Amino acid sequence: MVVLQLQFLLVPFLTSIMGAAQYIMQDAALMNYIDRRFLSLEKRLEKCNQDILEYVEEFRDFSKMALSRLAGLNNYKAEIKSEVENLLRRIERAQRDIDYFGSVTDSNTCVEVHEDLVKQQLFEEAEEKKKLKLMLNASCDHMLAGIKSLKIVKKTGDKHGSWMKDPGKKHTKIYLLNGSVNNVIFEFANIMTFMESNHTLKARKVTLPFPWEGTGHIIYQGFLFYHRYGSLNEIIKFNIQKRNIIDKMLLPGAGRIPAYQLSPSTKIDLAIDEQGLWAIHAEPETGGNIVITKINHITMAVEHTWDTSCNSKDAEAAFMACNTLYVVYNYPSGGTSRIQCVYDVLGAVNTHEIPVLHFPKRQGSHSTIHYNPKEKQLLAWGDGSQIIYKLHTKQKV
């Protein structure tokens, strides 16, 4: 009887236990299923996030490329505009010359030239000369008669480079710009510091935001003017003390061929004389002849341009002194440098009567020659040597 009662009690108990176990197994299977689904969802979210990151990176690259292309298009636009303006000026100048020669030449076609047109042409030329004399101080009346002596100050740096003083400042600082492509200026307190053997340790280094091209840069009134590397004809005005770009300009017609055949890295050569800032370059349209441009160093605007009769073939350097261009020639293999072409922008010098001027006691070549109007000297860079030439001058005739 007792056994029977126990059986009746155990049956429902075991039944309830088996039911609970079945529910637990079902719950475990459900949890396992849910867990798998979450894992699958996490993997998909992770892949989605990775795809988004890749899309973002691709978009950034595309944006950079688009901005670079736009910048390039802007540069091309500026260069094309500059070339068109230069071409229009040349056409206008050629048209004036054609009109003038047509008016003064005794033509065989029996075309009567009105006397008033000739007078007007002569009057305009006289007014143009007056404006140039006002712009360029006509009291600058000396010219180069010879090169008296040279002094090799130091031999440091690459074959090509440039060194100079600032003729617009009272200080005695020396600036060294090594190489035809670089972006570091060395500033020395004076020439004695520069001449020391470990001179770079005592120099102040100034890093430019963009490197220069060639060796035709110049320092004037605390600013470095230089041709920007990689550009056709962009000239940058850089404040040396504040270390920032103040202004820039595009020089029309320049940058397509070297200014001097024997210094091919220099496409634009900047110069300083008693009148301020000049640019010297050559153009294909002039048959390789040198062109000089007067630039306002404050506004960075072109004031006037002259096509000279001096050819860039076999030229190695040039400099401006008292409104006059002096072009230095040499041999491709190197030799005695000589000045054999002179061009006065005001026509105050009879260039055909000037003898060839030879540089004294030196065989080699120059990568730069800069005139210092304050000290009436030439500061040159020749085969890695820094040289000073003393000048002999005379009155213009």
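Here's what I pulled together on the structure shown here. Quick caveat: nothing in here was measured; it's all calculated off a predicted structure.

## Observations concerning the overall build of the protein
Secondary structure summary: the protein contains 3 helices and 20 strands in total. Counting every position in the protein, which comprises 397 residues, the buried fraction comes to 40%. Counting only contacts in the protein whose residues sit at least 6 apart along the sequence, the fraction spanning at least 24 positions is 54%. When the accessible surface of the protein is split by element, carbon and sulfur atoms take 58% of a total near 22,700 Å².

## Comments concerning the side chain of lysine 267
Here lysine 267 lies in the loop between strand S9 (244-250) and strand S10 (269-273). Here lysine 267 occupies a buried position and makes no salt bridge, while the nearest side chain of opposite charge, glutamate 213, is found at 4.0 Å. Not counting residues up to four positions away in its chain, the partners in contact with lysine 267 are Glu213, His227, Gly255, Ile257, Pro258, Ala259, Ile280 and His281.

## Some remarks on the nonpolar core
In this structure, Ile185, Leu224, Phe225, Ile235, Phe238, Leu251 and Leu270 are the most contacted members of the largest nonpolar core, which totals 28 residues. For this core, the elements supplying multiple residues, two or more each, are strand S3 (174-178), strand S5 (204-213), strand S6 (218-220), strand S7 (223-227), strand S8 (234-239), S10 and strand S11 (276-282). In terms of residue count, S7 provides more of this core than any other element does, 4 residues in total. One finds Leu144, Phe319, Ala321 and Val328 within the second-largest nonpolar core, a separate group that totals 21 residues.

## Some details on the pairing of strand S14 (residues 315-321)
A large share of S14 lies buried, amounting to 7 of its 7 residues. Sheet topology note: the S14/strand S15 (residues 324-329) ladder contains 6 bridges and is antiparallel. Directly across from methionine 320, in S15, lies its bridge partner leucine 325. Here S14 folds back onto S15, and the loop between the two strands holds 2 residues, one of which, cysteine 322, carries a positive phi near 55 degrees.

## As for the pairing of strand S18 (residues 368-372)
Here S18 lies mainly inside the structure; 5 of its 5 residues are buried. The alternating pattern of S18 places Thr368, His370 and Asn372 and Ile369 and Tyr371 on opposite faces, both of which are buried. Of the strand pairs in this sheet, S18 and strand S19 (residues 377-382) are connected by 5 bridges, and their pairing is antiparallel. For threonine 368, the partnering residue across the bridge sits in S19 and is tryptophan 381. Counted between consecutive antiparallel strands, the loop separating S18 from S19 contains 4 residues, among which lysine 376 sits at a positive phi close to 55 degrees.

## Looking at the state of the cysteines
Where two cysteines share a covalent bond between their sulfur atoms, that bond is called a disulfide. Within the structure shown, the criterion is met by 2 disulfides. Across the disulfide from cysteine 140 sits cysteine 322; the S-S distance is 1.9 Å. A residue pair is termed long-range when its members are at least 10 positions apart, and cysteine 140 in the loop between helix H2 (115-135) and strand S1 (142-155) and cysteine 322 in the loop between S14 and S15 qualify at 182 residues. Neither cysteine 140 nor cysteine 322 differs from the other in exposure class; each is buried. Ordering the disulfide-forming cysteines of the protein by sequence position, one finds them joined as 1-3, 2-4.

## With respect to unusual backbone geometry
Even without being a glycine, aspartate 314 presents a positive backbone phi close to 65 degrees. Note that aspartate 314 resides in the loop between strand S13 (301-311) and S14. Using a relative accessible area of 22% as the deciding quantity, one classes aspartate 314 as partly exposed. Phi at aspartate 383 is positive, roughly 55 degrees, even though this residue is not glycine.

Rules behind the numbers
Residues numbered from 1 in each chain as written. Predicted model: local features only at pLDDT ≥ 70, side-chain atom pairs only at ≥ 80, totals over all residues. Heavy atoms only, no water. Helix = DSSP H or I, 4+ residues; strand = E, 2+ residues; numbered from the N terminus. Buried < 20%, exposed > 50% of the residue type's maximum accessible area, 1.4 Å probe, protein only. Contact = heavy atoms within 4.5 Å. Areas by Shrake-Rupley, 256 points an atom, 1.4 Å probe, with all protein chains shown as cover. Lys, Arg positive; Asp, Glu negative; His and termini not counted. Salt bridge = Lys/Arg side-chain N within 4 Å of Asp/Glu carboxyl O. Core = buried A, V, L, I, M, F, W, Y, C linked by side-chain atoms within 4.5 Å. Pairing = 2+ DSSP bridges. Disulfide = S-S within 2.5 Å.

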